[in-house]
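# An overview of the molecular structure
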Amino acid sequence: MLDYLKKFIRLHKGQYLLSILFSVLSAMATIAPYFVAVKIIQLILAGDKIMAHYTKYIIYLALFMTFSNLFHKISTSISHIATFDLLATIRKFLADKLARVPLGVIDNYSSGALKDIMVEKIDKMEITFAHVIPEMTGNVLASLLTLIYLFYLDWKLALLALALVPLAALAYLLKMKDYQKRFENYIQKNAVLNNTIVEYINGIEVIKAFNQSGEQYEKLSTAVIEAADSAVGWMRENIYGFATMFTLLPSTVLVVVPMGAYMVMNGTLDVDRFIIIILANFGLIAPLLVAMAHMDNIATAGPILETITKILDEKDLIRPKTLTSVIKNYDIKMKDIVFGYNEKQVLHGVNLYIKENTVNALVGPSGSGKSTITKLLTSFYEADGGEILIGGVNIKEIPLDKLNELIAYVSQKDYLFDISIKENLRMGKPGITDEEIKTICKKCGLHEFIEKLPNGYDTIVGSKGGALSGGERQRICIARAMIKDAPIIIFDEATAYTDPENEYVIQRAISQLIKDKTLIVVAHRLSTITNSDQILLIDKGIVKASGTHEDLLKSSELYKNMYDAHLKTKDEKVA
């Protein structure tokens, strides 16, 4: 955690050092009026009645107060500029990390949890970086210099000025007992709240349709109350230690004054020096109180940094920068592939061979591992054992950008961004012209549908493509994959949201677009893949059978039962 913290701060070291410098100047300018006041008191005690002698010191007071505020503003301005850049850097680090880790790592976090980390939690660190670093450093240095001056004036009274500091420190340490545990509870409750809110918003249609508003509202209400209670409880447990600390520190003067007065009466300390010591005590404690006020922000930053560090420490999907081997063709082989989600193994030694320029279907019961196989092939996940070869080259030896060029992937949950249809399609091949996009869309049977929209290809699809139907979104995603023009195409239930009529149009369009390409289809509608060159039957994490549709009808009872059940369901729908 500290290594990342140093790394982040080092990126803006110059700005923070400059901010600390102005913070020290501000703290010193804040202390200086105490010493100016001593001079004024000395004049009063000496019976000086010449106003001109006082005017000079009054001007000094005004200047020091002005400089104190000015230097503070400059310090915080510099630190805030550096901090907002630093927080942006942390977010970029996290975003870049999420792009480099296997998809399984991201699946371990809900969207609400990741949003909470990348937005709210990082925002909470703004006070720590923007205020704690310059202000705490500056004020601690100012207090230290004042303490040195106190020892110069009288070492005995200087020690007395520190008499209550150990008690204040003890109060702080007692406050910090189990602090991290309590704060982590507060963070956890807020994470639950974020997840519940996201779930409530995303599921509002289902909630309304099934009249679950009462139950779901109760769940949301409970999360809100628990988050609020955790915050109140956390603050309540902190307040006593803080109150004790902030009561004891200013009280040191109550120890110094009686002893100083006694020394004055005994003639071991002159009055002028005694007054300076009293005022210097206030100059010692005031910056220290400002510094101590930030201790809570430092403590809260720890758990937040640990959460961020946990993501940054996840293992990257290791791939080389350059391709050193020759990919001879687009044949695909999987040898003894083993894979599991967390501790649950789902693939138990998968072996398969897919010849280039052929149509291949993965079929099998739900949960058999079909989609997992395609995600391993695309390197969304990393296999726990075995090897995957494309053209005779292990995919671990293929750079990710090169692998991405080789494979176009479409799933039933494929995503559209809140931009125009044209720009969503262009993501398949940056730089493609509008006319080329329209040509592909015509082949995919999309052009007429898009042209009928209010703004045609410039129609904004809305968040997650919400302005379009499920089938329309899926057809655009398929067109985007076609535009990519990769030699290997994977359709993972790509027509799941498509009605039979449009599915026929898409199937016909796909058949024209996949010439000289390797196609892998994950399908539940077995009638759509009967003409495949090869059908791979996946069951319980292994390849149970492979061959053409006719071969499997003869050799595999499981496949025959699945196909018969599919035909029966299809007939019932028609009826």
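Scroll up for the structure.
The structure reproduced in this document is the subject of the present report. (Residues numbered from 1 in each chain as written. Predicted model: local features only at pLDDT ≥ 70, side-chain atom pairs only at ≥ 80, totals over all residues. Heavy atoms only, no water.)

### Re the packing of helix 5 (residues 111-124) against helix 6 (residues 126-153)
Interaxial distance between helix 5 and helix 6 falls to 4 Å at its minimum, and their mutual angle equals 25°. With respect to their mutual orientation, helix 5 and helix 6 come out roughly parallel. Judged by residue contacts, Ile122, Asp123 and Lys124 of helix 5 engage Glu126, Ile127 and Thr128 from helix 6. Considered class by class, the residues forming the contact of helix 5 with helix 6 number two nonpolar, one polar and three charged. (Axes fitted to C-alpha atoms, helices over the stretch in contact; angles between N-to-C directions. Helix = DSSP H or I, 4+ residues; strand = E, 2+ residues; numbered from the N terminus. Parallel < 35°, antiparallel > 145°, perpendicular 65-115°, else oblique. Contact = heavy atoms within 4.5 Å. Nonpolar A, V, L, I, M, F, W, Y, C, P; charged D, E, K, R; others polar.)

### Looking at the pairing of strand 3 (residues 359-363)
Within strand 3, four of the five residues are buried, leaving the element largely enclosed by the surrounding structure. Here strand 3 runs beside strand 8 (residues 518-522); their pairing, made up of four bridges, is parallel. Considered in strand 8, the bridge of Val359 is made with Leu519. By the bridge criterion, four bridges tie strand 3 to strand 9 (residues 534-539) in an arrangement that is parallel. Of the residues in strand 9, the one forming a bridge with Asn360 is Gln534. (Buried < 20%, exposed > 50% of the residue type's maximum accessible area, 1.4 Å probe, protein only. Pairing = 2+ DSSP bridges.)

### Section: helix 2 (residues 13-45)
Counted at 1.5 Å a residue, the expected span for helix 2 with its 33 residues is 48 Å, and the 49 Å between its end C-alpha atoms agrees. Remark: Gly47 follows helix 2 within two positions and exhibits a positive phi of approximately 80°. (Expected span 1.5 Å × (residues − 1).)

### So, the pattern of salt bridges
Throughout the structure, instances matching the rule amount to 16 salt bridges. Between Glu382 and Arg319 there is a salt bridge, with its nearest N and O atoms 3.2 Å apart. Of the two residues, Glu382 is situated in the loop between helix 15 (370-377) and strand 4 (385-390) and Arg319 in the loop between helix 14 (295-312) and strand 1 (332-341); the sequence distance between them amounts to 63 residues. Where Arg426 meets Asp434, a salt bridge forms, and the shortest distance between an N and an O atom there is 2.5 Å. Here Arg426 falls in the buried class, since its relative accessible area comes to 17%. Judged by its relative accessible area of 33%, Asp434 falls in the partly exposed class. In this structure, a network of salt bridges that share partners links the residues Lys422, Glu423, Arg426, Asp434 and Asp458. (Salt bridge = Lys/Arg side-chain N within 4 Å of Asp/Glu carboxyl O.)

### Examining the environment of Thr128
With respect to the helices and strands, the residue Thr128 is situated in helix 6. The spatial distance from the C-alpha of Thr128 to the C-alpha of Asn297 is 5.6 Å, given a sequence separation of 169 residues. Discounting chain neighbours no more than four positions away, the residues touching Thr128 are Ile133, Asn297 and Ala301.

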